[in-house]
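Listed below are the residues making up each chain.
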Amino acid sequence: MPSTRPILLLWSVVVAIGLARATFIDASAAKKIEYDFIIVGGGTAGNVVANRLSENPKHNILVLEAGPRGTYMQVPFLCTSLAPKTSFDWNFTTTPQIGLGNRVIPYPRGHVLGGSSSINYLVYTRGSAEDFDRYANVTGDQGWSWKNMLQYFRKNEKFTPPVDGHNTTGQFNPEIHGFNGINSVTLSGSPSAIDGRVINASKELGGDFKFNLDYNSGSPLGLGWFQMTAGGGKRSSSSTSYLGPSFLSRPNLHVVVGAEVSRVIKTGMKGGLPVFNTVEFRSGKGPLLRLAASKEVILSAGAIGSPHILLNSGIGNSKTLKSVGVTPQVDLPDVGENLADHSFTVASFSVSGNSTVDNINRDSTTMQQDLELWKTKKMGPMTNALVTHIMFLRLNESTLEGNPDPAPGPNSPHFELLVSNGLPIGPFPPTGNFVATGAMVLNPTSRGSLKLRSSDPFDPPIIDPGLLKTEFDRTVMREAIKSIKRFYAAPAWAGYVIGPANGLEKAVDDASIDKYVRDTAGSIFHPLGTASMSPKGAKTGVVDPDLRVKKVSGLRVVDVSVLPFEPSGHTQTPAYVIGERASDLIKAAYPQH
């Protein structure tokens, strides 16, 4: 769903990060240093691990990041301009998606230091307590439970007052947040013209739309104020936070950017297991190079990159690997399987007012004025992302009847609705003002896969997220659209909302709603599951609960690819806390070092 904002505006606000030069080295310099840990991927989770492991001055840490060094998008409002089809994106595409009318869609992943935390929509959601309790139960490791993971949410989070200094009483629950962490989280810093109507509609409708003081409490059902990963009016990513200036001064932490990893290499045997502690990569389009880690290689290349590297390394389904010309090293059939994602579409309504972000998106003069305010004072609408409130809802029992419930429990939602004061994603119509709500299927039953295209490790993989492939997922999305219509039929919208727009006006029954979804839906880019956790010793799965790759020594995966189910929310925050817990697990494995 590409944006059509003027590209010159985008580049005018791409700012170089002032980072300590001593930390950034080239590949030739890295070859002269002995590293304890090599982290493949300087993304959301990878930078957490780099930060935490480098707290021990005895450990030398290297981060290999395929993307460029120091550019990132600071302006929250322009978050949808960073992908697809930019230099910050890997620019993947999917296979034809049956649930989307056989359309091929873009599949953005962050190709920049900070990974997708540098280009995402800044949404801060933890998911439900039942999500993490399910992870604990299916892996047999209670360390993944909500109760235990709360410490990592707080360790990650630095809740920050909104930039406009407004009274936040009744907009979040401070008791459940962290205020001394590393990654900034805040509330919107510029009021929206529809804020009052949203809250009044929640009061009028109640029930599914009841007000929830803080959906990050572990009990997300209802409607709450939007929380985002920003602070001081600027995006907070893993590169600006976990690789911030105070951490980059550490002499034992090094980063090589423009380093695209092809494989991890088997170098011997240990305890009856093959050792994969050497990384093969290229710098730019240069020759292949190799670096070894004395302790571990940690794959943090994301739900697309990590399984792609494993498969290219000969770790996967041996039969499938042979068919594309890759020599099998370890038979691990679930690598690249179980790919899950959140399908997404937008429903919009014409409104009679003109205080929407539509005017900013289509008027370059207004855009420049607001950008100037942001540049000089870090104030105004540019400090907001594109959401004002979030709702988490469940299907009613009659709709669920006869279907196994894919949600992890009765207090977890089936779909999420994101309210926006205007169209959040382009292309933008030349006239009109709108309210819009994004709809997201949270606990999909559809599954896809990631497979090798060829034996060339630099060939893009074949990505099939299987969006809306099952009837259950299509039912969830249909009910989400109906819920959106009910919300905007509340008395609070009388005299303001004119009616459905941009194709939604034709979605009047189940069949036409399904057609609207097929024609408009895509992904909100939350792939995971391609290196799923399972109990230690299990024959299924890819990693053990401590994130060590099964049947292998010296190799872990630390990113959301290890999650076997989607969380009941966005995946950015789970990625951060996976990085935090993994860091503690790795430290515990080397207590004398």
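Our structure's up above, just so we're on the same page.
Residues numbered from 1 in each chain as written. Predicted model: local features only at pLDDT ≥ 70, side-chain atom pairs only at ≥ 80, totals over all residues. Heavy atoms only, no water.

Chemist: Let's hear about the pattern of salt bridges: which residues, and what values?
Modeler: Counted by the stated rule, this structure contains 23 salt bridges. When the shortest N-O distance is used, the salt bridge between R263 and E280 registers 2.8 Å. In this pair, R263 is assigned in strand β14 (residues 259-270) and E280 in strand β15 (residues 273-283), connecting sequence segments 17 residues apart. On the accessibility criterion, R263 (29% relative accessible area) is partly exposed. Judged by relative accessible area, E280 falls into the buried class, the value being 5%. In this structure, K482 engages D510 in a salt bridge whose closest nitrogen and oxygen atoms are separated by 2.8 Å. A residue pair is termed long-range when its members are at least 10 positions apart, and K482 in helix α14 (residues 471-487) and D510 in helix α15 (residues 510-520) qualify at 28 residues. Accessibility expressed as a relative area gives 24% for K482, which makes it partly exposed. (Salt bridge = Lys/Arg side-chain N within 4 Å of Asp/Glu carboxyl O. Helix = DSSP H or I, 4+ residues; strand = E, 2+ residues; numbered from the N terminus. Buried < 20%, exposed > 50% of the residue type's maximum accessible area, 1.4 Å probe, protein only.)

Chemist: How would you summarise the packing of helix α3 (residues 44-53) against helix α16 (residues 572-589) if you had to cite specific residues and measurements?
Modeler: Orientation of α3 relative to α16, taken along the N-to-C sense of each, is 35°, at an axis distance of 8 Å. Seen from above, α3 lies across α16 with right-handed handedness. Where α3 approaches α16, its residues T44, A45, V48, V49, R52 and L53 are matched on the opposing element by Q572, A575, Y576, G579, E580, S583, I586 and K587. Of the residues belonging to the contact of α3 with α16, the class tally is 7 nonpolar, 4 polar and 3 charged. (Axes fitted to C-alpha atoms, helices over the stretch in contact; angles between N-to-C directions. Left-handed = near helix turned anticlockwise from the far one by under 90°. Contact = heavy atoms within 4.5 Å. Nonpolar A, V, L, I, M, F, W, Y, C, P; charged D, E, K, R; others polar.)

Chemist: Give a description of the side chain of N277 that names residues and reports values.
Modeler: Position of N277 among the secondary structure elements: in strand β15. Within the local environment of N277, its side chain forms a polar contact with the side chain of T267, the two groups lying 2.8 Å apart. Every residue in contact with N277, bar those within four places of it in the chain, is listed here: I265, T267, L291, A292, A293 and V297. (Polar contact = N/O pair within 3.5 Å; in protein donor to acceptor, adjacent residues only side chain to side chain.)

Chemist: I'd love a proper account of unusual backbone geometry, names of residues and values included.
Modeler: The omega angle of the peptide bond from A83 to P84 is 0°, so this bond is cis rather than trans. Inspection of the secondary structure puts P84 in the loop between β4 (71-73) and β5 (92-93). G426 connects to P427 through a cis peptide bond whose omega is 5°. Its location among the elements puts P427 in the loop between β21 (415-420) and β22 (434-441). A positive phi angle, close to 60°, is found at N91, a residue other than glycine.

Chemist: Tell me about the sheet that holds strand β8 (residues 183-187), and please be specific about residues and values.
Modeler: Spatial strand order, β7-β8-β10: 3 strands in an open sheet with mixed pairing. Across the chains shown, the open sheet's two edge strands, defined by having one partner strand only, are β7 (157-159) and β10 (227-228). The pairing of β8 with β10 spans 2 bridges and is antiparallel. Bridge pairing in β10 places T186 opposite M228. (Pairing = 2+ DSSP bridges.)

Chemist: Explain helix α6 (residues 195-205) residue by residue, including any values.
Modeler: Helical geometry note: an α-helix holds 3.6 residues per turn, so side chains three or four residues apart project in the same direction. If you check which residues of α6 are buried, you get D195, V198, I199, A201 and S202. With its buried residues spanning 155° around the axis, α6 presents them on a single face. Close packing links the buried residues of α6 with β9 (222-225), β20 (389-393), β21 and α14. The first or second residue beyond α6 is G206, which carries a positive phi of 55°. (Arc of directions from axis to C-beta.)

Chemist: Can you tell me about the packing of helix α4 (residues 129-139) against helix α5 (residues 146-156), naming the residues and giving the values?
Modeler: With their axes 9 Å apart at the nearest point, α4 and α5 run at an angle of 115° to one another. When the axes of α4 and α5 are compared, the pair comes out roughly perpendicular. Contacts from A129, F132 and D133 of α4 reach α5 at W146, M149 and F153. Among the residues forming the contact of α4 with α5, the class breakdown is 5 nonpolar, no polar and 1 charged. (Parallel < 35°, antiparallel > 145°, perpendicular 65-115°, else oblique.)

Geometric values such as these leave the question of function open.
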